[in-house]
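If you want the building blocks of each chain, they are given just below.
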Amino acid sequence: MPKFSLSTLFSYLFYLLPVYFFVLAPLLRQIFPASSTGNFLDLDLDLDPDGIQADSDLTLNPEILSLPDGVIATCPPDNYRVHLLQRDPLVIYIEDFLSAEESDHLVDISNANYTRSTIYNGGTATHDPSTRLSDRALLPRDTTVRCLEARAAAFQGWKPHLYIERMWAQRYNTSGHYVHHYDWVGSAARGGDRISTFMVYLGDDCEGGGTNFPRLKMPRAAAALREWCRFLECPADAAAATTQGITFKPIKGNAIFWENLRPDGSGHPGTWHAALPVTSGTKIGLNIWSWYHPPQSRKG
Ligand SMILES: O=C(O)CCC(=O)C(=O)O
Ligand SMILES: [Fe+2]
């Protein structure tokens, strides 16, 4: 009977381990691709066509989310054009997401409701003008707002367990700004998180006030730049630019859409962004955030 010494065993391992890691394991991954059941954003177990399970919806708060309430709005057909900026994170620019009439109407219905914007510090809402200087107003859910909720949900493929948050208009006067931040919270494992953001411009009667993404890159091809410079700040001397990355100009009716979460539910670092200071005039924005809240993580 052959005798195996410890050193023989080690020499076998020395040859076999690389064979496993570099040949066998990749081959197995090709033949049996990983199932997506561990993928936070692929949870799609709901059989209810509305993506809503009656028993698990008790925890959803109608003061925060635009929950179905039996009111069905009759809406005009969509009339927007999309421009794909990049896929990871997904960033899509939407021209004429709102008509001029819709933008003006939302400004009108927000006017009476403005209060100073807050930030959250350890779970407590505080005012900090060095971080965020603006006023914001909760929009009543009238027909225009309901049609916009439907437009935003349809844009995302009516994804089950996705809830459009109640909408807020945000008004920045001269010096108004919001320093760099993420819109996601990092709470996917605790129940849900903000899966996406539409940053819509309702009023662009201002200088400055662009939405800056320091970690996104300017499109490179000359033809692409010609197209994108309609929507992005394109300084004549890019090297002398004081901001990093890309900055969207406020243009009334247009929107930037981006996905905040990676497929595993973690927040995407590329979505770091800011509202640059308004140097004169008034900018009015509209936040449409979508909250992804799968029923499994709602239990408890
Ligand atoms: O007003 C903007 O350009 C961005 C606003 C924003 O990032 C926010 O309200 O979370
Ligand atoms: Fe934001």
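Above this text is the structure in question.
Thresholds, definitions, all that
- Sequence order sets the numbering: in each chain, residues are counted from 1 along the sequence as written.
- Chain labels run from A onward and ligand labels from 1 onward, assigned in the order the entries are written.
- Only residues with pLDDT of 70 or above have their local features reported here, since the model is predicted, and side-chain atom pairs are shown and tallied only from 80 upward, although totals for entire chains, interfaces and linings are computed over all residues.
- To obtain the side-chain values, all non-hydrogen atoms of the structure were used and water was disregarded.
- Note on pairing: two strands pair once DSSP finds at least 2 bridges between them.
- Elements are defined by DSSP. Helices are runs of H or I of four residues or more, strands are runs of E of two residues or more, and each kind is numbered from the N terminus.
- Lines are fitted to the C-alpha atoms to define the axes, a helix being fitted only along its stretch in contact, and any angle between axes, read from their N-to-C directions, falls within 0 to 180 degrees.
- Angle categories: roughly parallel below 35 degrees, roughly antiparallel above 145, roughly perpendicular from 65 to 115, and oblique for all the rest.
- Two helices that cross are described as forming a left-handed crossing if the nearer one is turned anticlockwise from the farther one by less than a right angle, and a right-handed crossing if clockwise.
- By the convention used here, residues are in contact when the closest approach between their heavy atoms is within 4.5 Å.
- A cutoff of 4 Å decides nearness: a residue is near a molecule or strand if any of its heavy atoms lies inside that distance of it.
- Polar contact criterion, stated in full: a pair of N or O atoms within 3.5 Å, where within protein one must be able to donate a hydrogen and the other to accept it, and residues adjacent in sequence count only if both atoms are side-chain atoms.
- In these tables, accessible area is a Shrake-Rupley quantity obtained with a 1.4 Å probe, and a residue counts as shielded only by the protein chains included in the view.
- A cavity here means a set of points on a 1 Å grid, drawn over the protein atoms and nothing else, where a 1.4 Å probe fits but cannot get out; a pocket is an open set with protein on both sides within 12 Å along at least five of seven lines, and a residue lines either one if it has an atom within 4 Å of a point.
- Criterion for pocket placement: a molecule counts as inside a cavity or pocket if more than half of its atoms are within 2 Å of its grid points.
- Amino acid classes used here: Ala, Val, Leu, Ile, Met, Phe, Trp, Tyr, Cys and Pro are nonpolar; Asp, Glu, Lys and Arg are charged; the rest, including Gly, are polar.

Caption draft 1: Structural detail: the pairing of strand E9 (residues 168-172). The sheet contact formed by strand E7 (residues 135-138) and E9 spans 4 bridges and is antiparallel. When the bridges of E9 are listed, Arg136 appears paired with Gln170. Where E9 and strand E16 (residues 278-292) come together, 5 bridges link them in antiparallel fashion. Pairing of Ala169 across the sheet is with Leu286, part of E16.

Caption draft 2: A look at the sheet that holds strand E10 (residues 177-181). Read from one edge to the other, the open sheet built from 5 strands follows the order E6-E10-E15-E12-E13, with strand pairing classed as antiparallel. With partners counted over all chains shown, the strands left at the sheet margins are strand E6 (132-133) and strand E13 (246-248), one partner each. The pairing of E10 with strand E15 (residues 273-275) spans 2 bridges and is classified as antiparallel. Directly across from His181, in E15, lies its bridge partner His273.

Caption draft 3: Focus on the packing of helix H2 (residues 100-110) against helix H3 (residues 143-155). Where H2 meets H3, the axes come as close as 10 Å, and the angle between the chain directions of the two elements is 120°. Looking at the two axes, H2 sits oblique to H3. In the packing of H2 onto H3, the handedness of the crossing is left-handed. From H2, Glu102, His105, Leu106 and Ile109 reach across to H3, where they touch Thr144, Val145, Leu148 and Arg151.

Caption draft 4: Layout of the site of ligand 1. With respect to spatial proximity, 13 residues lie near ligand 1, and among them Gln170, Tyr172, Thr211, His273 and Lys283 are the closest. At 3.2 Å from an oxygen atom of ligand 1 is found a side-chain nitrogen or oxygen belonging to Asn287. Expressed as a share of its isolated accessible area of 290 Å², the protein-covered part of ligand 1 is 99%. Mapping ligand 1 onto the cavity grids shows that it belongs to the largest cavity. Among the elements of the structure, E9, E10, E15 and E16 are those that each provide at least two residues to the shell around ligand 1. For the shell around ligand 1, the element with the highest residue contribution is E16, accounting for 3 residues. For the shell around ligand 1, the residue count by class is 5 nonpolar, 5 polar and 3 charged.

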